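The chain contents come next:
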Amino acid sequence: IRCACACACACACAIALCYCTLSFAQDIPVIADQNEAAWRLFNIETVETYIIPSYKKFLDESENLHHETLLFCKVVAQPDTDIQKSLNNTKQAFHHTMDAWQWIQNINFGPVEIAMRHPSIQYWPDKKNHVSKHLNKILSTADEATLTPDNFQRNSVSIKGLPAIERLLYKETAIKAFKHNPFSCKILVAISQYLNDTAHSLHNEWLTTMLPQFKDTKQLDGYFEDDIDAATSLLKTLVEPIEVIRDLKLDRPLGSRFENVKFKRLESWRSNRSLANLKLNIRSLEVFFLGNSPKFEGLRPLISQQEVKK
């Protein structure tokens, strides 16, 4: 009961912060005479200082996660080793990767749209328990051919990302399960490899393909119509995620009455990081909106000092 109350209170605070952030964003009127050049500068700074470094962080953490899964599976295969310590290291790498993903999760356009990368990285909400069903199916077949990079692409999006890793690592009998079925370790490695490959592609494509599109929005057959169109795509990623937080991460599991709360609908409940996800989501949006350094001031240059103080 104490855990339930604590979670409900924490989520209530998160709701309040979400609504305050959304209200703040909606109440600030953009200065009417801001020209396209000002938006162009905002666009480029956002991509160079917020988006690309965030994807680089996701790449670095996913690379470390893959490294830890490889080490863990070597430990599992050997007798008389400290499996628990290695499992804890792998869980820590999972958390760091999820942290990095939650920070940049709001960017839902561009390269992440290709080949269903966004749901592949994190298939959630999983309303019909697809992750467990498809994970159990591939575990039962124990067909190593399905884990080659080319064949793994053909698997369900539900088992390619972080939720599938969470299920494998956070079973109550995880060590026993890995020992009993070594193929589960091979699945763990294959998923972490896919995540790392995807993170590498996302970072590279933003750096080499998307950034030039923001620097020259009017190129022939470009991604955007003009700098205002590019800014619109960015600003949507500031507002739409708040609706996701409200509708899926809070309202859906909490419901309208406390006795109807369904905590297993919370994001990342198995790894006990539902609230951590919310904090990262909101902090990331705050940095996007207000900036975090003289090199990246968010939307501040586009509004008056009086409006900033509001």
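Reading the values: rules and limits
Residues numbered from 1 in each chain as written. Predicted model: local features only at pLDDT ≥ 70, side-chain atom pairs only at ≥ 80, totals over all residues. Heavy atoms only, no water. Helix = DSSP H or I, 4+ residues; strand = E, 2+ residues; numbered from the N terminus. Polar contact = N/O pair within 3.5 Å; in protein donor to acceptor, adjacent residues only side chain to side chain. Contact = heavy atoms within 4.5 Å. Disulfide = S-S within 2.5 Å. Buried < 20%, exposed > 50% of the residue type's maximum accessible area, 1.4 Å probe, protein only. Phe/Tyr/Trp six-rings, centres within 6.5 Å; stacked < 30°, edge-to-face > 60°.

Q: Go over the side chain of S62, please, and point to the residues and values.
A: If you trace the backbone, S62 turns up in helix 2 (residues 36–76). Side-chain polar atoms of S62 contact the side chain of N196, separated by 3.2 Å. Those residues in contact with S62 that lie beyond four places of it in its chain are T97, S192, L195, N196 and A199.

Q: How would you explain the state of the cysteines if you had to name every residue and give the values?
A: By the definition in use, this model includes 1 disulfide. Across the disulfide, C73 is cross-linked to C185 (sulfur-sulfur distance 2.2 Å). With the S-S dihedral at roughly -100°, the linkage between C73 and C185 falls on the left-handed side. In this pair, C73 sits in helix 2 while C185 sits in helix 9 (residues 183–215), placing the two residues 112 residues apart along the sequence. Each member of the pair, C73 together with C185, is buried.

Q: Explain the packing of aromatic side chains residue by residue, including any values.
A: Evaluated as defined, the whole model comprises 14 aromatic pairs. Taking 5.0 Å as the distance between ring centres and 80° as the angle between the ring planes, the aromatic pair formed by F72 and F178 counts as edge-to-face. Separated by 106 residues along the polypeptide, F72 in helix 2 and F178 in helix 8 (residues 174–180) bring together distant segments of the chain. Of the residues examined, F72 reaches a relative accessible area of 0% and is grouped as buried. Here the aromatic rings of W206 and F214 are separated by 6.0 Å at their centres, their planes lie at 20°, and the arrangement is stacked. Looking at W206, the relative accessible area reads 0%, which means it is buried. With relative accessibility at 0%, the residue F214 sits in the buried group. Within the aromatic cluster, the residues linked to one another by ring pairs are Y55, F109, W206, F214, Y223 and F224.

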